[in-house]
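# Observations on chain architecture
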Amino acid sequence: MTMLSRRQMLGGTAATAGLMATGLPFPVLAASHTSVTFAITRDIQGLLAPPYRVGAIEGNIMRTVCQGLIRFKPGSFDWDLWAAKTLTQVSDTAIEFELNPGLQFHGGYGEMTADDVKFSFELFQKNRPDGKPADYAKDWAALDHVEVTGKYTGRIVLKTPSPQLWLVVLPDNSGLIISKKAWEAGCYRSDQQPIKLIGTGAYMLAEWVPNQRVVLKANPDWKGDKPGFPELVLQPVRDPKTAELALRANELQFTLIEPADAAEVQKQPDTSLLRQDSINYVWIGLNVEKPPFDNPKVRQAIRLAIDTDQVLAGAYNGTVKPAYALMAPGLLGYWADAPKPKPDPAAAKKLLAEAGHPNGFKCTLTLMSKPTYQAIGQIVQAMLADVGVQVDLQVLDAGAYYAAGQGEAGKKLDMALQRFGGKADPAFQTQWFVASQIGTWNWQRWNDPEFDEFSAKAAATNDKAERNRLYIEAQKRMEASGAYIWLTHEANIFAFRPWLRPAVLPNGDDMLYDRFTAI
């Protein structure tokens, strides 16, 4: 059932009138700082369990409710101990841990023990309820097993070295610990309503009203530092403009805004901005299995027809930098010498003629319904028209968009405008482009054994210099394929009330809601 919230009914200029007409009082809860409302770009989907989560939105909720052995510090990829009293790498393939005693799972599911750690990490090795591998199975691909050595102690035994565990797994969502007892009772599963997310963290999942709100309440039994607010509310707001208006009306207190709108938003009273250059990646992917994109000359022609600088100037108002490869600057594996192609429409036409398309062809660009992405689509559409390629824009809401590249449906894609969130270790970035991800997240349907081999070797060595070399070689394979037209690593800009101190990780997608505080 689709439920339209009041937020969804707001839109464009009508939103302005609607908002002004509500006559809402200045929110008493916000003014007293007993509750904070955050905008999220979509509603939660799927299972609320680390191995099977859909994306960052679900992950951010889980990390607010559940604890891992360690956790990131706000604003950095450094970490400190959390559920663990100690965590030590004792060899290339073994990590020993000791839990703090007395960590109680919400809802009466008992104390966290080493058995729960074993269950949580080994769950990544088990298929989803529909029989498919866990979406984040590769995060724990190096895991052999977890050996329980005592009520609170254990040893994580690996098949191979796995340096990324310390950057994208243990301190992140794939390192969160859930209750074995609660899982066996049907918690965490969206097919068991109301869905129950059981953790030991500072907040508890109190309510989820689909398409309207997720409410997190402070855990009264929490023994750690006092949470910043008694209540956190996450409200799906798909349209960034609507989120801006709601911020102005103080209906919410924190939201991501479009980079192109930052200058205007900053003029608003009682508003602060936080800007971060991101490590995410936005690109146009070409389906290499489907004609005419199965022809390398066609892929090269498409690339030469697109002026990336003009796309970014038009869609982002010049607020973001161009990307030339998968890894963002500052990450291990950043390819500083990646080619920086110049647009050449004449060369593009020549290549199309050589590929048997002297008069161009028709195709579709699939993209998510978001103002910036729609602007990109329209600019690219005009550029490709100049070389004879007629592009229809298929603009989809989030649910339909994410289904477009999955399974058999993905075979029908021509081109897709994609955006993935980055993490601190390159192993996370490369995992989506291996052959086994075709039909899941590899929407280019690109199958390159050498890329897979470079990625696998890089993920299984602790030699930092060698890892750097291997990830650059992997990106060269992507470049040679012509299947990827990199656009930008983005910049994340958040607008919020000045009394709020945000806790955002450097990639901009990952929030530490439990560490937001009032100034």
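Residues numbered from 1 in each chain as written. Predicted model: local features only at pLDDT ≥ 70, side-chain atom pairs only at ≥ 80, totals over all residues. Heavy atoms only, no water.

Now for the overall build of the chain. Looking only at helices and strands, the chain has 17 helices and 22 strands in total. Over its C-alpha atoms the chain spans a radius of gyration of 23 Å, differing by no more than 12% from the 24 Å that the globule rule assigns to 519 residues. For the C-alpha atoms alone, the extent of the chain along its principal axes is close to 70 × 60 × 40 Å. The buried share among the 519 residues of the chain stands at 55%. Considering only residue pairs separated by 6 or more positions, the chain has 70% of its internal contacts joining residues 24 or more positions apart. (Helix = DSSP H or I, 4+ residues; strand = E, 2+ residues; numbered from the N terminus. Rg over C-alpha atoms; globule rule 2.2 N^0.38 Å. Buried < 20%, exposed > 50% of the residue type's maximum accessible area, 1.4 Å probe, protein only. Contact = heavy atoms within 4.5 Å.)

Here we come to the confidence of the model for the chain. Residues with a pLDDT of 70 or more make up 93% of the chain, whose mean pLDDT is 90. In this model, residues 1-31 is a region of pLDDT below 50 whose contacts with residues beyond four sequence positions or in other chains number 44 contacts. (pLDDT = per-residue confidence, 0-100.)

Turning next to the sheet that holds strand β16 (residues 362-368). Spatially, 5 strands are ordered β17-β16-β18-β15-β19 in an open sheet, and the strand pairing comes out mixed. With partners counted over all chains shown, the strands left at the sheet margins are β17 (390-396) and β19 (484-488), one partner each. The average angle at which neighbouring strand axes cross in this sheet is 25 degrees, direction not considered. Two elements, β16 and β17, share 7 bridges in a ladder whose sense is parallel. Across the sheet, residue threonine 366 finds its bridge partner in β17, namely glutamine 394. Packed onto the sheet, helix α13 (residues 371-385) meets β15 (281-286), β16, β17, β18 (415-420) and β19 and runs at close to 170 degrees relative to β17. (Pairing = 2+ DSSP bridges. Axes fitted to C-alpha atoms, helices over the stretch in contact; angles between N-to-C directions.)

Before going further, it helps to spend a moment on the pairing of strand β8 (residues 153-158). The pairing of strand β6 (residues 94-99) with β8 spans 5 bridges and is antiparallel. Considered in β8, the bridge of alanine 94 is made with valine 157. Two elements, strand β7 (residues 143-148) and β8, share 5 bridges in a ladder whose sense is antiparallel. Opposite histidine 145, over in β8, you have valine 157 as the bridge partner. Turn length for the β7-β8 hairpin, with the two strands adjacent in sequence and antiparallel, is 4 residues.

What follows deals with the environment of proline 292. Along the polypeptide, proline 292 turns up in the loop between β15 and α10 (296-305). Discounting residues that sit within four places of it in the chain, proline 292 has contacts with Val298, His357 and Phe361.

With respect to burial, helix α8 (residues 240-248) is a largely interior element, 7 of its 9 residues being buried. Within the span of α8, buried status applies to Pro240, Thr242, Ala243, Glu244, Leu245, Ala246 and Leu247. Phi for asparagine 250, located one or two positions after α8, is positive at around 60 degrees.

Let us look at the packing of aromatic side chains. Under the counting rule described, the total for this entry stands at 35 aromatic pairs. Here the aromatic rings of tyrosine 281 and tryptophan 283 are separated by 5.6 Å at their centres, their planes lie at 25 degrees, and the arrangement is stacked. Like tyrosine 281, the residue tryptophan 283 is buried in the burial classification. A cation over a ring is seen here: arginine 189 above tryptophan 183, with NZ or CZ 4.5 Å from the ring centre. Between the NZ or CZ atom of lysine 423 and the centre of the ring of phenylalanine 428, over which it lies, the distance is 5.7 Å. (Phe/Tyr/Trp six-rings, centres within 6.5 Å; stacked < 30°, edge-to-face > 60°. Lys NZ or Arg CZ within 6 Å of the ring centre and 35° of its normal.)

Following proline 291, the chain continues to proline 292 via a peptide bond in cis, the omega torsion being 0 degrees. Of note, the phi angle at asparagine 211 is positive, near 65 degrees, even though the residue is not glycine. Examined against the element boundaries, asparagine 211 turns out to sit in the loop between β10 (203-209) and β11 (213-218). The class for asparagine 211 is buried, based on a relative accessible area of 15%.

Here the structure, examined in full by the defined rule, presents 33 salt bridges. Arginine 213 is the partner of glutamate 207 in a salt bridge, and the nearest nitrogen-oxygen pair spans 3.2 Å. The class of arginine 213 is partly exposed, set by a relative accessible area of 31%. Two residues, arginine 419 and glutamate 490, come together in a salt bridge whose shortest N-O distance is 3.0 Å. (Salt bridge = Lys/Arg side-chain N within 4 Å of Asp/Glu carboxyl O.)

For the rest of this paragraph, the subject is the nonpolar core. Within soluble globular proteins, side chains that are nonpolar generally end up buried alongside one another. Judged by nonpolar contacts, the single largest core of 151 residues is most densely connected at Leu69, Ile156, Leu170 and Ile302. It is α13 that contributes the most residues to this core, 6 residues altogether. Apart from the residues within four sequence positions on either side, leucine 170 is in contact with Leu69, Ile70, Leu87, Ile95, Phe121, Trp140, Ile156, Leu165 and Gly175. Val237, Ala246, Leu247 and Ile493 belong to the second largest nonpolar core, which has 11 residues in total. (Core = buried A, V, L, I, M, F, W, Y, C linked by side-chain atoms within 4.5 Å.)

The next point concerns the layout of surface pockets. Here the second largest pocket is characterised by a volume of approximately 520 Å³. Forming the boundary of the second largest pocket are 27 residues, of which Ala202, Trp222, Lys223, Gly224 and Asp225 lie nearest the centre. In terms of residue class, the lining of the second largest pocket is built from 9 nonpolar, 11 polar and 7 charged. (1 Å grid on protein atoms, 1.4 Å probe; cavity = no way out; pocket = protein on both sides within 12 Å on 5 of 7 lines; lining within 4 Å. Points joined across faces, edges and corners; volume = space filled by probe spheres on them. Nonpolar A, V, L, I, M, F, W, Y, C, P; charged D, E, K, R; others polar.)

What follows is about the sheet that holds β6. Strand order in the open sheet formed by 4 strands is β5-β6-β8-β7, and the pairing between neighbours is antiparallel. Two strands bound the open sheet, and with one partner strand each, they are β5 (84-91) and β7. The mean angle between the axes of side-by-side strands here comes to 20 degrees, regardless of whether they run parallel or antiparallel. Its contacts with the sheet place helix α5 (residues 114-122) against β6, β7 and β8, and it is angled at close to 170 degrees to β7.

A word on the side chain of glutamine 475. With respect to the helices and strands, glutamine 475 occurs in helix α17 (residues 464-481). Here glutamine 475 falls in the buried class, since its relative accessible area comes to 2%. Setting aside residues no more than four positions away along its own chain, glutamine 475 makes contact with Ala325, Leu326, Met327, Gly333 and Trp335.

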